[in-house]
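Structural overview
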Amino acid sequence: MIDSVRDQSAPSRRRSTRLGSFTYIPAPAAGGALNGILMRGGLPVTLEVTEEILQDFMDALSSLENDLSRRWVEVEH
């Protein structure tokens, strides 16, 4: 079910991400009236008010992950 929803969503600069037992599927980059969704057990939960906060959180985690990966490579060399 998650794969079929992911295939239907337009490309976005953000990627689908596992959040514990949920999968976050971001809104299409075009935005508009579409919101991202959380999937759990094949059931979607449309995000409305909280999506912007979740996207900011995911962007911050992604930035931290990229910085940590870069530093890890520097330490290994």
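Refer to the structure presented above.
Below is a short write-up of the structure.

About the criteria used
- Residues numbered from 1 in each chain as written.
- Predicted model: local features only at pLDDT ≥ 70, side-chain atom pairs only at ≥ 80, totals over all residues.
- Heavy atoms only, no water.
- 1 Å grid on protein atoms, 1.4 Å probe; cavity = no way out; pocket = protein on both sides within 12 Å on 5 of 7 lines; lining within 4 Å.
- Points joined across faces, edges and corners; volume = space filled by probe spheres on them.
- Helix = DSSP H or I, 4+ residues; strand = E, 2+ residues; numbered from the N terminus.
- Nonpolar A, V, L, I, M, F, W, Y, C, P; charged D, E, K, R; others polar.
- Salt bridge = Lys/Arg side-chain N within 4 Å of Asp/Glu carboxyl O.
- Buried < 20%, exposed > 50% of the residue type's maximum accessible area, 1.4 Å probe, protein only.

1. Looking at the layout of surface pockets
- Quantified by volume, the largest pocket comes out at close to 220 Å³.
- For the largest pocket, the lining is made up of ten residues, of which Arg15, Thr17, Met58, Asp59 and Ser62 are closest to its centre.
- If one sorts the elements of the lining of the largest pocket by residue count, helix H2 (residues 51–76) sits on top with five residues.
- Each residue belonging to the lining of the largest pocket can be placed in one class, and the counts come to three nonpolar, two polar and five charged.

2. Looking at the pattern of salt bridges
- This model, assessed by the stated rule, comprises three salt bridges.
- Taking the shortest distance from any N to any O, the salt bridge between Arg70 and Glu74 comes out at 3.1 Å. Pair noted here: Arg70 and Glu74 are both in helix H2, with a separation of four residues, about one helical turn.
- The partly exposed category is assigned to Arg70, whose relative accessible area is 42%.
- Linked by salt bridges that have partners in common, Asp67, Arg70, Arg71 and Glu74 make up one network.

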